[in-house]
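# Structure assessment
What follows is the residue order along each chain.
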Amino acid sequence: MEDGLARIPYFYDPQSADEETRARFSGMPALNILWMMGHAGEALDGFGAMGRSIFASPLDPVLRQIAILRVAVLSNSQYERHQHERTCRQIGMDGAKIRAAIAGADAEGLTDLERKVIRFADDVILNVGASQHTFDELARELNYRDLQVLVLTIGYYMTVARFLETFQVDIEEEGREINIVATLKATE
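Everything in this summary refers to the structure shown in the same document. (Residues numbered from 1 in each chain as written. Predicted model: local features only at pLDDT ≥ 70, side-chain atom pairs only at ≥ 80, totals over all residues. Heavy atoms only, no water.)

### A short note on the pattern of salt bridges
- A complete count under the given rule lists nine salt bridges for this structure.
- Across the pair Arg-70 and Asp-122 runs a salt bridge, and its minimum N-O distance is 2.8 Å. With Arg-70 in helix H4 (residues 61–75) and Asp-122 in helix H7 (residues 112–127), the pair connects residues that are 52 residues apart, well separated along the chain.
- Taking relative accessible area as the criterion, Arg-70 reaches 5% and is therefore assigned buried.
- With relative accessibility at 16%, the residue Asp-122 sits in the buried group. (Salt bridge = Lys/Arg side-chain N within 4 Å of Asp/Glu carboxyl O. Helix = DSSP H or I, 4+ residues; strand = E, 2+ residues; numbered from the N terminus. Buried < 20%, exposed > 50% of the residue type's maximum accessible area, 1.4 Å probe, protein only.)

Have a look at this one:
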């Protein structure tokens, strides 16, 4: 594996690490973000737990992925966008729906609820919190749990985007694609 643009070396060889680190990497998908984050030690545990809880939540997976795509687009994170376009396809979103989510709330092919999620996500990303109007529009359709999980999802993936861009994590080379949805379900 070549380091490409990454600013620091990837944490490639958990087998040469201590027992705690080897246990941490056991069964972990071979994603560059995780190989980079390996240097952070136990912080990787919390990062993984939060990601798994977001994917295990009852929030509609299409709404979740739309919000994540908005984070990727507005954060200009190519790695995050690449991974989550794939994840969108893995959960059954077609190309037109993915392109619409990337384009924004005024794009053709979105439901009214999906438009509201995009406006909400954009507001949280760009303004730290949703305006009262944007919040109220979405709160009429989502329960409190889903609203909160949506905000946590947006915040988590904003952190992910900043990590990816700061360390210039490379997109995995062809042939090393991971089914994130299946991987997360296997670790539940």
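Right, picking up where we left off after that structure.
### Digging into the nonpolar core
- Core analysis: the largest hydrophobic core is formed by 52 residues, its most contacted members being Ile-33, Phe-47, Leu-150 and Ile-154.
- At the level of elements, helix H2 (32–37), helix H3 (43–56), H4, helix H5 (78–90), helix H6 (95–103), H7 and helix H9 (144–167) are the ones that each hand at least two residues to this core.
- Of all the elements, H9 adds the most residues to this core, at eleven residues. (Core = buried A, V, L, I, M, F, W, Y, C linked by side-chain atoms within 4.5 Å.)

### Some thoughts on the packing of aromatic side chains
- Summed over the entire model, instances satisfying the criterion amount to five aromatic pairs.
- Centroid distance Tyr-156 to Tyr-157: 4.9 Å. Interplanar angle 80°. Geometry classified as edge-to-face. Judged on exposure class, the residue Tyr-156 and its partner Tyr-157 are both buried.
- An angle of 45° between the planes, with centres 4.8 Å apart, marks the rings of Phe-163 and Phe-167 as tilted. Separated by four residues within a single helix, Phe-163 and Phe-167 lie in helix H9, roughly one turn from each other. (Phe/Tyr/Trp six-rings, centres within 6.5 Å; stacked < 30°, edge-to-face > 60°.)

### Focus on the packing of H3 against H9
- Close contact between H3 and H9 brings their axes to 11 Å; oriented N to C, the two are set at 140°. Relative to H9, H3 is oriented oblique. Crossing geometry of H3 relative to H9 is assigned as left-handed. Contacts from Phe-47, Met-50, Gly-51, Ile-54 and Phe-55 of H3 reach H9 at Leu-152, Thr-153, Tyr-156, Tyr-157 and Val-160. (Axes fitted to C-alpha atoms, helices over the stretch in contact; angles between N-to-C directions. Parallel < 35°, antiparallel > 145°, perpendicular 65-115°, else oblique. Left-handed = near helix turned anticlockwise from the far one by under 90°. Contact = heavy atoms within 4.5 Å.)

### A few points about unusual backbone geometry
- Residue Asn-76 is not a glycine yet carries a positive backbone phi of 55°.
- Counting through the fold element by element, Asn-76 comes out in the loop between H4 and H5.
- Given the relative accessible area of 53%, Asn-76 is considered exposed.
- In this structure, Gln-168 is a non-glycine residue whose phi angle is positive, near 50°.

### Thoughts on the side chain of Thr-153
- Its place among the elements puts Thr-153 in helix H9.
- A polar contact is formed between the side chain of Thr-153 and the backbone oxygen of Val-149, at a distance of 2.7 Å.
- Leaving out residues up to four positions away in the same chain, Thr-153 has contacts with Ile-54, Leu-59, Arg-64 and Ile-68. (Polar contact = N/O pair within 3.5 Å; in protein donor to acceptor, adjacent residues only side chain to side chain.)

### What to know about the packing of H7 against H9
- The interhelical angle for the contact between H7 and H9, taken along N-to-C directions, is 50°, at an axis separation of 10 Å. Regarding the angle of H7 to H9, the classification is oblique. Both H7 and H9 take part in a crossing whose hand is right-handed. Along its contact with H7, which presents Val-117, Phe-120, Ala-121, Val-124 and Ile-125, the element H9 presents Leu-150, Val-151, Ile-154 and Met-158.
- Of the residues belonging to the contact of H7 with H9, the class tally is nine nonpolar, no polar and no charged. (Nonpolar A, V, L, I, M, F, W, Y, C, P; charged D, E, K, R; others polar.)

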